[in-house]
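# Close look at the chain arrangement
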Amino acid sequence: DFLGDRAFVLEAANLNGYALQYAAPGLKADREIVLAAVHCNGDALQYAAQEFKADREIVMAAVQQHGEALQYASQEVKADRHIVLASVAQIRNSLGSSGGQGNERRGGAERVHPECSI
């Protein structure tokens, strides 16, 4: 099963963070794969193993890519001032770049990191 193939899932996560959604449970607990996914699309944090929702480095990477990914973090991490400020800064910057239209909040494509293929 390719969804359980680490190399395949890592490559897929590097192309589209949402690929994490379909990964085998053990791979959702693989730090390298989760970090690749959230770098590509911060919202991929929602599909990560619970332990990563409390991992400050991973949550920071997620909110720097998409500020609203903070909603998927653990309560403890949501209380971290630096992470909250990074989230707010990313949201502010994305609103500025969309001309205030809020397009980054609709659909998944608008939030995908430019280095990701999809």
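This text goes with the structure placed above it.
These numbers were taken from a predicted model, which means no experiment stands behind them.

## Topic: the overall build of the protein chain
The helix and strand tally for the protein chain stands at five helices and zero strands. Taking all 118 residues of the protein chain together, the buried fraction comes to 45%. Accessible surface computed for the protein chain: about 6,400 Å², of which carbon and sulfur atoms make up 52%.

## So, helix H2 (residues 31-40)
Burial of H2 is extensive: seven of the 10 residues sit out of reach of the surface. By the burial criterion, the buried members of H2 are Ile 33, Val 34, Leu 35, Ala 36, Ala 37, Val 38 and Cys 40. Each element contacted by the buried residues of H2 is listed here: helix H1 (6-15) and helix H3 (56-65). Two or three places before Glu 32, at the opening of H2, Asp 30 has a side-chain oxygen 3.0 Å from that residue's backbone nitrogen.

## Brief notes about the environment of Val 77
Position of Val 77 among the secondary structure elements: in helix H4 (residues 75-78). Sequence-wise, Val 77 and Lys 53 are 24 residues apart; in three dimensions their C-alpha atoms are separated by 7.9 Å. Not counting chain neighbours up to four residues away, the residues in contact with Val 77 comprise Lys 53, Ala 54, Asp 55, Arg 56, Val 59 and Ile 83.

## What to know about the side chain of Ser 87
Looking at the element boundaries, Ser 87 is found in helix H5 (residues 81-97). Polar side-chain contacts of Ser 87 include one of 2.6 Å to the backbone oxygen of Gly 67. In this view, Ser 87 contacts Val 63, Gly 67, Glu 68 and Leu 70; residues no more than four positions away in its chain are not counted.

## Points about the packing of H2 against H3
Helix packing for two helices is described by the angle between their axes and how far apart those axes are. In contact at an axis separation of 7 Å, H2 and H3 are set at 20° when each is read in the N-to-C sense. On the basis of their axis angle, the class for H2 and H3 is roughly parallel. In the packing of H2 onto H3, the handedness of the crossing is left-handed. Counting all contacts with H2, which are made through Arg 31, Val 34, Leu 35, Val 38, His 39 and Cys 40, the residues of H3 involved are Glu 57, Ile 58, Ala 61, Ala 62 and Gln 65. Classifying every residue of the contact of H2 with H3 gives seven nonpolar, two polar and two charged.

Calculation notes
Residues numbered from 1 in each chain as written. Predicted model: local features only at pLDDT ≥ 70, side-chain atom pairs only at ≥ 80, totals over all residues. Heavy atoms only, no water. Helix = DSSP H or I, 4+ residues; strand = E, 2+ residues; numbered from the N terminus. Buried < 20%, exposed > 50% of the residue type's maximum accessible area, 1.4 Å probe, protein only. Areas by Shrake-Rupley, 256 points an atom, 1.4 Å probe, with all protein chains shown as cover. Contact = heavy atoms within 4.5 Å. Polar contact = N/O pair within 3.5 Å; in protein donor to acceptor, adjacent residues only side chain to side chain. Axes fitted to C-alpha atoms, helices over the stretch in contact; angles between N-to-C directions. Parallel < 35°, antiparallel > 145°, perpendicular 65-115°, else oblique. Left-handed = near helix turned anticlockwise from the far one by under 90°. Nonpolar A, V, L, I, M, F, W, Y, C, P; charged D, E, K, R; others polar.

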